[in-house]
Amino acid sequence: MGEAGAACVGLMLGIVGCIPSTTLFERALKSRRPVSVAAGLASLVVSFGIMTSSLIVVHWLAREHVLVFGCAESASFLLVWVVEAWRAWRDANAPARSGERNSGEPTG
């Protein structure tokens, strides 16, 4: 695996590491029921496990590419969260639609 391959695999695994927490985040944004703290902690543990175990495997198999892999993995992870934060900020600052109060509750 060359440096380009390590970077591509790191990008993909960074995105895969985001999946548990971003799906929970999306569910919290879309539903009216709150998401439990236990589910949030579990998603963090799973994301941490995916990203750490993949970094350990790359350390064992291709020690010379750990830095490239880790930088690509963390950059893609952070990029996904930048997009999610932007979407949440945009939704939070959107003007209230007709038939809703400012908090998003229906008036009827």
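Residues numbered from 1 in each chain as written. Predicted model: local features only at pLDDT ≥ 70, side-chain atom pairs only at ≥ 80, totals over all residues. Heavy atoms only, no water.

**Student:** Would you take a moment to explain the overall build of the protein chain for this structure?
**Tutor:** Along the protein chain, the regular secondary structure elements total three helices and zero strands. Per-residue burial over the protein chain gives 24% buried out of 108 residues. Taking the intrachain contacts of the protein chain between residues at least 6 apart in sequence as the baseline, contacts between residues at least 24 apart amount to 67%. As presented, the protein chain carries roughly 7500 Å² of accessible surface, and 70% of it is formed by carbon and sulfur atoms. (Helix = DSSP H or I, 4+ residues; strand = E, 2+ residues; numbered from the N terminus. Buried < 20%, exposed > 50% of the residue type's maximum accessible area, 1.4 Å probe, protein only. Contact = heavy atoms within 4.5 Å. Areas by Shrake-Rupley, 256 points an atom, 1.4 Å probe, with all protein chains shown as cover.)

**Student:** What should I look at first to understand a nonpolar patch on the surface in this one?
**Tutor:** Where nonpolar side chains cluster on the molecular surface, the patch consists of Ile56, Val57, Trp60 and Leu61 and spans about 470 Å² of accessible area. Along the polypeptide, Ile56 turns up in helix α2 (residues 37-61). Residue Ile56 is classed as partly exposed on the basis of its relative accessible area, which comes to 38%. (Patch = residues over 30% accessible without salt bridge, like charges linked within 9 Å, V, L, I, M, F, W, Y side chains within 5 Å. Salt bridge = Lys/Arg side-chain N within 4 Å of Asp/Glu carboxyl O.)

**Student:** Help me understand the side chain of Ser76, please; the structure alone is not making it clear to me.
**Tutor:** Among the secondary structure elements, Ser76 is positioned in helix α3 (residues 66-92). By relative accessible area, which is 6% here, Ser76 ends up buried. Reaching out from Ser76, the side chain makes a polar contact with the backbone oxygen of Glu73 at a distance of 3.1 Å. (Polar contact = N/O pair within 3.5 Å; in protein donor to acceptor, adjacent residues only side chain to side chain.)

**Student:** Sorry if this is basic, but what is going on with α2 here?
**Tutor:** Turn by turn, an α-helix covers 3.6 residues, leaving residues three or four places apart pointing in a common direction. The end-to-end C-alpha distance of α2 is 36 Å, a good match for the 36 Å that 25 residues give at a rise of 1.5 Å each. Restricting attention to buried positions, one finds in α2 the residues Gly40, Ser43, Ser47, Met51, Ser54 and Val58. Residues of α2 that are buried in the fold lie against α1 (3-30) and α3. (Expected span 1.5 Å × (residues − 1).)

**Student:** When you look at the packing of aromatic side chains in this model, what are you seeing that I'm missing?
**Tutor:** The relation between two aromatic rings is expressed through the spacing of the ring centres and the mutual angle of the planes. Considering all chains together, one arrives at one aromatic pair under this definition. Taken together, a centroid distance of 5.5 Å and an interplanar angle of 70 degrees make the contact between Phe25 and Trp81 edge-to-face. Of the two residues, Phe25 is situated in helix α1 and Trp81 in helix α3; the sequence distance between them amounts to 56 residues. By relative accessible area, Trp81 is classed as partly exposed at 24%. One Lys or Arg, Arg90, reaches over the ring of Trp86 and ends 4.8 Å from the middle of that ring. (Phe/Tyr/Trp six-rings, centres within 6.5 Å; stacked < 30°, edge-to-face > 60°. Lys NZ or Arg CZ within 6 Å of the ring centre and 35° of its normal.)

**Student:** Got a minute to help me understand the environment of Phe77 in this structure?
**Tutor:** Examined against the element boundaries, Phe77 turns out to sit in helix α3. For the pair Phe77 and Met12, spaced 65 residues apart in sequence, the C-alpha separation works out to 9.3 Å. Here Phe77 is in contact with Gly14, Gly17, Cys18 and Met51, once residues within four sequence places are set aside.

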